[in-house]
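# Results of the structural survey
The lines below spell out each chain.
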Amino acid sequence: MSNPQSPSARHRVVVIGSGFGGLFATKALRRADVDVTVIDRTTHHLFQPLLYQVATGILSEGEIAPSTRMILKDQANTAVRLGDVTGIDLTERTVTSEHLGQSTVTGYDSLIVSAGAQQSYFGNDHFAEHAPGMKSIDDALELRGRILGAFEQAEVTADPQERARLLTFVVVGAGPTGVEMAGQIAELAHRTLVGAYTNFDPRDARIILLDAASAVLPPFGDNLGSEAAETLEKLGVEVRLGASVTDVDAGGLTVRDAEGTEHRIASVCKVWSAGVAASPLGAQLAAQSGAALDRAGRVAVEEDLTLPGHPDVFVVGDMMSRDRLPGVAQVAIQGGRYAAKRIAAEVAAAATGRPAPERPPFRYRDKGSMATISRFNAVAKIGGVELTGFLAWVIWLAVHVVYVVGFRSRVATLLSWAWTFLGTWRGQLTNTHQQITARNAIAQLHSLERRAEDAEVVVAQVI
């Protein structure tokens, strides 16, 4: 176990997570008289709303996931640490992280927790083996391999039923991610890959969007949800609502409709985008502070985004539960900046002997919600204004370019979009079998290691 921090008279801020909340909080502290340590399990800042474009060959992973260390290398008061945070001690004010078997304890005076969320399978975690979610670069690359691999297998099979199963793509969840994913798989099949195969027509692909809810894009309202559903159907996507998934295996899914009837969908490639759960760190924070957890594992925070009884610990982004705020990037960005501003103001006041300024309640400024459906087509809700079609799509492009981190990434993203949307070319269609199999192989390896460790413990007890 080690502690990389040397003693310092300066106020120590630890930021857990390099997503939107963590990164924007860190950047907002660049001129504050503090020492900042960013701890995350990955070395990159992920622009998660564009993961589906990595999965469908539009963008490369580097364009949406620049190195956190490179982003912050000119911020003199900041250090970046790679590690999976396994423990937070609110009494001792320490954060414990682990990387490749090495445990590190980092002390803090202020803590910003922005560890994000993970895919939720509503208690059916075994679904993940055959229906990966889309929360990380690894997930997106695996899905790219699964999608393109299905087309490759369809080219070599001589069995019509097997080809139909390979060319049936099922997306579970009709929220923004599911809608965008289904639309891009449809465009991939009906536009990009046309003429690329000799033994079948990619336009024969069947794309199904499932959701247990009664509407597409429920947070957007009935009008935009209906518009999105109609546009998807014009693209060739089958939209099935009121449909709950009861089982998933390698060969397909079992679905129960609104009347309670179960039926089978034969499909090799399944995508899960039906739910999210907050980081398990939320349960640790709740247990130590007495804060409540909602059904998704998010922590109920005070009006200044801190834990009850712990004004030095801010919880922002997808881990936070407050005023029914949605789990979107803008909530994380604004929450991270708010926390940073409060810390900087209080440190500045302490340095001059002034009392700490009063903390105003966090107020979220809703900048709208939007989702792309296909090329030149999107839906957007900005305040009370609802937009559809090309104008909504242009606004979507502009907003997302603004929040892509780094000038080079913005330019690369714009060029990739130009090639894709103005032509038929997608420059990121490389995939390998290892991308498809690696996740489950690693999971099986970890399972074997745990069994071996348990066996060693039993032997030791017997001896």
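Remember, it's a predicted structure, so these values are computed and weren't measured experimentally.

So, on to the UniProt feature "domain: FAD/NAD(P)-binding" (unreviewed entry) in the protein. The feature "domain: FAD/NAD(P)-binding" (unreviewed entry), as given by UniProt, occupies residues 12–336 in the numbering adopted here. Taken as a whole, residues 12–336 contains 30% helix and 29% strand, while its terminal C-alpha atoms sit 16 Å from one another.

Here the focus is the UniProt feature "transmembrane region" (unreviewed entry) in the protein. The positions that UniProt labels "transmembrane region" (unreviewed entry) are, in the present scheme, residues 390–407. Structurally, residues 390–407 is divided into 83% helix and 0% strand, and its ends, taken at the C-alpha atoms, are 25 Å apart.

A few words now on the pattern of salt bridges. For the coordinates displayed, the defined rule picks out 17 salt bridges. In this structure, Arg203 engages Asp201 in a salt bridge whose closest nitrogen and oxygen atoms are separated by 3.1 Å. By relative accessible area, which is 25% here, Asp201 ends up partly exposed. Between Arg264 and Asp249 there is a salt bridge, with its nearest N and O atoms 2.8 Å apart.

Turning to helix H5 (residues 137–156), a few remarks are in order. Since one α-helical turn is 3.6 residues long, residues separated by three or four positions face the same way. Relative to the 28 Å expected for 20 residues at 1.5 Å per residue, H5 spans 29 Å between its end C-alpha atoms, a close match to the ideal helical length. With respect to burial, H5 is a largely interior element, 16 of its 20 residues being buried.

Quick look at the pairing of strand S13 (residues 252–256) now. Regular strands place side chains that alternate from one sheet face to the opposite one. Of all five residues making up S13, four are buried, and the element is well covered by its neighbours. Looking at chain direction, strand S12 (residues 244–249) and S13 are connected through five bridges and run antiparallel. Within S13, the position partnered with Val245 by the bridge is Val255. Counting the residues in the hairpin turn of S12 and S13 gives two residues. Joining the antiparallel neighbours S13 and strand S14 (residues 262–266) is a turn of five residues, in which Gly260 adopts a positive phi near 90°.

A few words on the packing of H5 against helix H7 (residues 176–192). Two packed helices can be described by the angle between their axes and the distance between those axes. Here H5 crosses H7 at 35°, and the two axes come no closer than 12 Å. Here H5 runs over H7; the crossing is right-handed. Listed contacts from H7 to Leu143, Ile147, Leu148 and Phe151 of H5 are Met181, Ile185, Leu188 and Ala189. For the contact of H5 with H7, the per-class residue count stands at eight nonpolar, no polar and no charged.

Side chains of Lys27, Arg30, Arg31, Arg337, Lys341, Arg365 and Lys367 sit close together on the surface and give a patch of like positive charge. Among the secondary structure elements, Lys341 is positioned in helix H10 (residues 329–351). Classification of Lys341 by relative accessible area gives exposed; the value is 56%.

One open sheet holds the three strands; their spatial order is S21-S22-S23, and the pairing between them is antiparallel. Lying at the two open borders of the sheet, with one neighbouring strand each, are strand S21 (369–374) and strand S23 (385–388). The average angle at which neighbouring strand axes cross in this sheet is 5°, direction not considered. Inspection of the sheet shows S21 paired to strand S22 (residues 377–382) by five bridges, in the antiparallel sense. Considered in S22, the bridge of Ser369 is made with Lys381.

Conventions and cut-offs
- Every chain is numbered independently, its residues counted from 1 as its sequence is written.
- Totals for whole chains, interfaces and linings use every residue, but because this is a predicted model, local features are given only for residues with pLDDT of at least 70 and side-chain atom pairs only at 80 or more, for both listing and counting.
- The basis for every side-chain value is the complete set of non-hydrogen atoms in the structure, without hydrogens or water.
- UniProt positions are given in the numbering used here, feature names are shortened, and annotations may be inferred rather than shown by experiment.
- Helix and strand labels come from DSSP, where a helix needs a run of H or I of at least four residues and a strand needs a run of E of at least two; each type is numbered from the N terminus.
- One side-chain nitrogen of Lys or Arg within 4 Å of one carboxyl oxygen of Asp or Glu is enough to make a salt bridge.
- Three exposure classes are used, based on accessible area relative to the maximum for each residue type with a 1.4 Å probe and protein chains only: buried under 20%, partly exposed in between, and exposed over 50%.
- Here a helix's expected span is defined as the number of its residues, less one, multiplied by 1.5 Å.
- Two strands are counted as paired when DSSP detects at least two bridges linking them.
- Note on definitions: angles span 0 to 180 degrees between N-to-C directions of axes, and those axes are lines fitted to C-alpha atoms, for helices only across the stretch in contact.
- Note: crossing handedness is left-handed where the near helix turns anticlockwise from the far helix by less than a right angle, and right-handed where it turns clockwise.
- Contact definition: two residues touch when any of their heavy atoms are within 4.5 Å.
- Classes in brief: Ala, Val, Leu, Ile, Met, Phe, Trp, Tyr, Cys and Pro nonpolar; Asp, Glu, Lys and Arg charged; the others, Gly included, polar.
- A patch consists of residues whose relative accessible area exceeds 30% and which take part in no salt bridge; residues with like charges are grouped when within 9 Å of each other, and nonpolar side chains (Val, Leu, Ile, Met, Phe, Trp, Tyr) when within 5 Å.
- Per-residue accessibility takes into account occlusion by the displayed protein chains alone, with areas from the Shrake-Rupley method and a 1.4 Å probe.
- In this tally, Lys and Arg are treated as positive and Asp and Glu as negative; His is ignored, and so are the chain termini.
- Note on charges: their place is set at NZ of Lys, CZ of Arg, CG of Asp or CD of Glu.

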